[in-house]
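Residue strings, one per chain:
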Amino acid sequence: MKRRKVIAVADNGEEYIFASVTDSVKILNIAPTTVKRHAENNTAVSTKLGVVVLKYAPEM
């Protein structure tokens, strides 16, 4: 299982970059399956940081 960076873009334009899905789950306080689903589809989700759009960082 390869670790992919997750990027969360808040509605105020701030970007949060997490080292992995696990890290984003701890900080955003949402389920891992929710993170994966929204990151794959580049969709918004409501978190304790507010509404953020989740996406995977481009592969290097």
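Structure's up top.
Cut-off values and rules
- Residues numbered from 1 in each chain as written.
- Predicted model: local features only at pLDDT ≥ 70, side-chain atom pairs only at ≥ 80, totals over all residues.
- Heavy atoms only, no water.
- Phe/Tyr/Trp six-rings, centres within 6.5 Å; stacked < 30°, edge-to-face > 60°.
- Lys NZ or Arg CZ within 6 Å of the ring centre and 35° of its normal.
- Helix = DSSP H or I, 4+ residues; strand = E, 2+ residues; numbered from the N terminus.
- Polar contact = N/O pair within 3.5 Å; in protein donor to acceptor, adjacent residues only side chain to side chain.
- Contact = heavy atoms within 4.5 Å.
- Core = buried A, V, L, I, M, F, W, Y, C linked by side-chain atoms within 4.5 Å.
- Buried < 20%, exposed > 50% of the residue type's maximum accessible area, 1.4 Å probe, protein only.
- Pairing = 2+ DSSP bridges.
- Axes fitted to C-alpha atoms, helices over the stretch in contact; angles between N-to-C directions.

**Remarks on the packing of aromatic side chains**
Reasoning step 1: Enumeration over the complete set of coordinates arrives at 0 aromatic pairs.
Reasoning step 2: Across the ring face of Tyr-56, the terminal group of Arg-4 is positioned such that the distance to the ring centre comes to 4.0 Å.

**Let's talk about the side chain of Thr-47**
Reasoning step 1: With respect to the element layout, Thr-47 can be found in strand β3 (residues 44–47).
Reasoning step 2: One polar contact links the side chain of Thr-47 to the main-chain amide nitrogen of Leu-49, over a distance of 3.1 Å.
Reasoning step 3: Of note is the side chain of Thr-47, whose polar atom sits 2.8 Å from the backbone oxygen of Gly-50.
Reasoning step 4: In contact with Thr-47, other than residues within four places in its own chain, are Leu-28, Ile-30 and Val-52.

**Points about the nonpolar core**
Reasoning step 1: In this structure, Val-6, Val-21, Ile-30, Val-35, Val-52 and Leu-54 are the most contacted members of the largest nonpolar core, which totals 14 residues.
Reasoning step 2: Broken down by secondary-structure element, the contributors of at least two residues to this core are β1 (6–10), α1 (21–28), α2 (32–41) and β4 (50–56).

**Focus on the sheet that holds strand β2 (residues 15–18)**
Reasoning step 1: Strand order in this open sheet of 4 strands is β2-β1-β4-β3, and the pairing throughout is antiparallel. Among the strands making up the open sheet, the edge pair consists of β2 and β3. The sheet shows a mean angle of 35° between the axes of neighbouring strands, taken without regard to direction.
Reasoning step 2: Here β1 runs beside β2; their pairing, made up of 4 bridges, is antiparallel. Within the sheet, the bridge partner assigned to Ala-8 lies in β2 and is Tyr-16.
Reasoning step 3: Here α1 sits on the sheet and contacts β1, β2, β3 and β4; the angle it forms with β2, its principal contact strand, is near 130°.
Reasoning step 4: Lying on the sheet, α2 is in contact with β1, β3 and β4; it crosses β4 at an angle near 70°.

Shape descriptors only; they carry no functional weight alone.
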